[in-house]
Amino acid sequence: MPNKKTILVAGGGGFLGSHLCEKLLDDGHDVICLDNFFTGSKENIRHLLTDPGFELMRHDVTWPLYIEVDAIYNLACPASPVHYQHDPIQTTKTSVMGAINLLGMAKRLNIPIFQASTSEVYGDPSVHPQVEEYWGNVNPIGTRSCYDEGKRCAETLFFDYNRQLGVEIKVVRIFNTYGPRMQANDGRVVSNFIVQALKGEDITIYGDGSQTRSFCYVNDLIEGFVKMMNSDKDITGPINLGNPEEFTIKELAEKIIELTGASSKIIYKELPADDPTRRRPDITKAKSILKWEPGIPLKEGLEKTIAYFEKIIM
Ligand code: NAD
Ligand code: UDP
């Protein structure tokens, strides 16, 4: 294969990372999966361990790394509020020092580097839907700040390495994504509701459930990652990747109850601090620049995700 590359996936043992490793191997590349397994799991990649193109490396991105590869995807960072708030100092360090170490490697090797940024850089947005030009509304000292500001600083570093040192960067801002290999206990809304429904427990809505999110199925998102990495050198992003269909959290709960046939009832709990009230990506740029848009509707994606959790829970 003439375009076969060796590709580093930092955070490759996580939910999104494991799907990305799989896709890159399917496309014929060699993959080095780097992870410290803080939130990732060997179970996510166990089926890849026997693939001759796959190599696993236990490493923490806050420490420098000297290996030779042709491209880097940086996904290393805990992503669910429960996980990133567990050790907030380490969360900021992972985003910022991880970016510095991997950008340094991209500079040394003169290779492209992809950053998994997030819709959280928009904070609790006053512009709706969110366009890439919007600078965001982020609390710098709150309980979500370790994640939001860490990711914002990482974006700053990516763009400065690009402007100052000519590093080829590929920055995407990911909106809520769900699918198989989310962790049952990661506290994110889709996994929480599905697990609660399957166990017949109460469905816990935080606040009154009127806050909105837009949910993208994992396979759609991974297609977007690869299109971004393969785009022309001058395409730096940031580009929003997500599904623009917007739902209230109450609608999501009702859909999951319906699809699982659960007898669960909905209960209401306190809304966490700085919880964004609404979120929906404007994906005009992804459509025009990357020719990407998601194709899997929420019902279909939820059915696949429910089937996954049924298997691991039952
Ligand atoms: P995840 O927690 O499943 O994956 C993150 C991976 O990074 C894990 O395997 C974890 O062990 C690893 N990791 C954490 N700290 C590390 C460190 N210091 N060194 C090496 N590895 C480390 O989460 P995910 O949902 O797969 O998210 C992947 C990336 O995408 C994250 O950077 C996240 O911020 C971003 N993102 C995800 C979503 C989403 O909806 N899933 C939305 C926006 C952004
Ligand atoms: N949420 C909820 N019940 C839960 C988990 C989450 O109502 O059991 C809400 C949460 O308050 C937020 C939304 O669902 O408004 C999405 O939460 P998640 O943690 O999945 O992602 P994020 O807030 O980072 O978008």
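In what follows, the accompanying structure is described. As the structure is a computational prediction, the values presented were derived from the model and not from experiment.

Procedures and definitions
Residues numbered from 1 in each chain as written. Chains lettered and ligands numbered in written order. Predicted model: local features only at pLDDT ≥ 70, side-chain atom pairs only at ≥ 80, totals over all residues. Heavy atoms only, no water. Helix = DSSP H or I, 4+ residues; strand = E, 2+ residues; numbered from the N terminus. Buried < 20%, exposed > 50% of the residue type's maximum accessible area, 1.4 Å probe, protein only. Contact = heavy atoms within 4.5 Å. Near = heavy atom within 4 Å. Polar contact = N/O pair within 3.5 Å; in protein donor to acceptor, adjacent residues only side chain to side chain. Areas by Shrake-Rupley, 256 points an atom, 1.4 Å probe, with all protein chains shown as cover. Nonpolar A, V, L, I, M, F, W, Y, C, P; charged D, E, K, R; others polar. Core = buried A, V, L, I, M, F, W, Y, C linked by side-chain atoms within 4.5 Å.

It is worth spelling out the environment of Gln90 at this point. The residue Gln90 is located in helix H3 (residues 88-109) in this model. Residue Gln90 is classed as partly exposed on the basis of its relative accessible area, which comes to 22%. In the structure, Gln90 is positioned 56 residues away from Cys146 in sequence and 8.6 Å away in space, judged by C-alpha atoms. If sequence neighbours within four positions are ignored, Gln90 has contacts with Asp60 and Thr62.

Residues in close proximity to ligand 2 total 18 residues, the closest being Thr204, Tyr206, Arg213, Asp275 and Arg279. Take Arg144: an N or O atom from its side chain is 3.0 Å from an oxygen atom of ligand 2. The side chain of Arg213 places a nitrogen or oxygen atom 2.7 Å from an oxygen atom of ligand 2. When ligand 2 sits alone it has 520 Å² of accessible area, and the protein chains cover 95% of it. Broken down by secondary-structure element, the contributors of at least two residues to the shell around ligand 2 are helix H5 (189-198) and strand E8 (203-206). Of the residues that constitute the shell around ligand 2, the class distribution is 7 nonpolar, 5 polar and 6 charged.

A general tendency of soluble globular proteins is for nonpolar side chains to be buried together. Core analysis: the largest hydrophobic core is formed by 62 residues, its most contacted members being Tyr73 and Phe225. In contact with Tyr73, not counting residues within four places along its chain, are Ile7, Leu8, Val9, Ala10, Leu20, Leu24, Phe114, Phe225, Val226 and Met229. Judged by nonpolar contacts, the second largest core, of 26 residues, contains Ile67, Ile72, Phe158 and Val171.

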